[in-house]
Amino acid sequence: MSEAADAQLLQGRAAYAAQALQLVRGARQELLLRSDSLEAALYGGEAFAESVKQFLLGSERARLRLLVLKPQAALRNAAQLIELCRRLSSKVELREPSPEQGPIDPCDWLIADRRALLERIGPEALQSQFWPQEPRRGKTRGEDFDTLWNEAQPSPELRNLSL
């Protein structure tokens with residue numbers, strides 16, 4: 001059976017947002033979030049921010065790394081989430097691509113504990129895929145995330161938000 005066959009196909013932003021909530025609620029130690037601009041319909045709601053808060057406060061080992069391609073848009077789209085990240089800065093790191101990285105595909109990945117993966121190929125995509133328990137794929141995407149992360153730079157816009 002192929003990896004694509006193991007994925008659950010999701011239709012629409014509401015389905016993605018609902019699955020993202022469930023994924024965060026099920027995470028235990030690590031969340032990796034890569035996003036173009038933290039689209040409001042997906043990450044801007046109070047429920048998502050509250051789920052991230054519960055995750056981060058639920059364990060001393062819980063960590064979130066957030067890589068955002070367009071920080072200014074992310075501030076507009078998900079101010080509540082960014083403010084939470086700023087308040088819990090000992091558990092959260094926020095980065096943006098460095099100029100040296102060149103163009104990066106604007107897809108969304110949400111990876112929980114390198115075992116579960118939610119993926120959308122771009123900001124306009126209405127389809128996404130969810131792998132609820134796919135350690136090999138989660139590990140591979142986690143390594144892809146790490147590669148981007150290690151070349152990225154801290155985001156002053158996201159770090160210095162004041163509402």
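These figures come from a predicted structure and were not determined experimentally.

K.L.:
Explanation requested: the overall build of the protein chain in the structure shown.
P.N.:
Scanning the protein chain for helices and strands turns up eight helices and eight strands. Computed over the C-alpha atoms, the radius of gyration of the protein chain is 15 Å, within 12% of the 15 Å expected from 2.2 N^0.38 for a compact globule of 163 residues. Viewed in the frame of its principal axes, the protein chain has a C-alpha envelope of about 45 × 35 × 30 Å. Relative to its 163 residues, the protein chain shows a buried fraction of 51%. Sequence separation of at least 24 residues holds for 80% of the intrachain contacts in the protein chain that already meet a minimum separation of 6. Of the roughly 8,100 Å² that the protein chain leaves accessible, carbon and sulfur atoms contribute 49%.

K.L.:
Sorry if this is basic, but what is going on with the packing of helix 2 (residues 13–26) against helix 4 (residues 46–57) here?
P.N.:
The axes of two packed helices give the description: the angle between them and the distance between them. With their axes 8 Å apart at the nearest point, helix 2 and helix 4 run at an angle of 15° to one another. Classified by the interaxial angle, the pair formed by helix 2 and helix 4 is roughly parallel. When you trace helix 2 past helix 4, the crossing you get is left-handed. Of helix 4, the residues touching helix 2 (which contributes Ala20, Leu21, Val24 and Arg25) are Ala47, Phe48, Ser51, Val52 and Phe55.

K.L.:
I keep staring at the pattern of salt bridges and nothing clicks. Help me out?
P.N.:
Note that side chains of opposite charge can pair when their charged atoms are close. Here the structure, examined in full by the defined rule, presents 14 salt bridges. A salt bridge links Asp36 to Lys70, with the nearest nitrogen and oxygen atoms 3.4 Å apart. With a gap of 34 residues between them, Asp36 in the loop between strand 2 (30–35) and helix 3 (40–43) and Lys70 in the loop between strand 3 (63–68) and helix 5 (71–77) connect regions that are remote in the sequence. Looking at Asp36, the relative accessible area reads 6%, which means it is buried. The class for Lys70 is partly exposed, based on a relative accessible area of 45%. The salt bridge partner of Glu39 is Arg120, with a shortest N-O separation of 3.0 Å. A residue pair is termed long-range when its members are at least 10 positions apart, and Glu39 in the loop between strand 2 and helix 3 and Arg120 in strand 6 (residues 116–120) qualify at 81 residues. Residue Glu39 shares its accessibility class with Arg120, and that shared class is buried.

Procedures and definitions
Residues numbered from 1 in each chain as written. Predicted model: local features only at pLDDT ≥ 70, side-chain atom pairs only at ≥ 80, totals over all residues. Heavy atoms only, no water. Helix = DSSP H or I, 4+ residues; strand = E, 2+ residues; numbered from the N terminus. Rg over C-alpha atoms; globule rule 2.2 N^0.38 Å. Buried < 20%, exposed > 50% of the residue type's maximum accessible area, 1.4 Å probe, protein only. Contact = heavy atoms within 4.5 Å. Areas by Shrake-Rupley, 256 points an atom, 1.4 Å probe, with all protein chains shown as cover. Axes fitted to C-alpha atoms, helices over the stretch in contact; angles between N-to-C directions. Parallel < 35°, antiparallel > 145°, perpendicular 65-115°, else oblique. Left-handed = near helix turned anticlockwise from the far one by under 90°. Salt bridge = Lys/Arg side-chain N within 4 Å of Asp/Glu carboxyl O.

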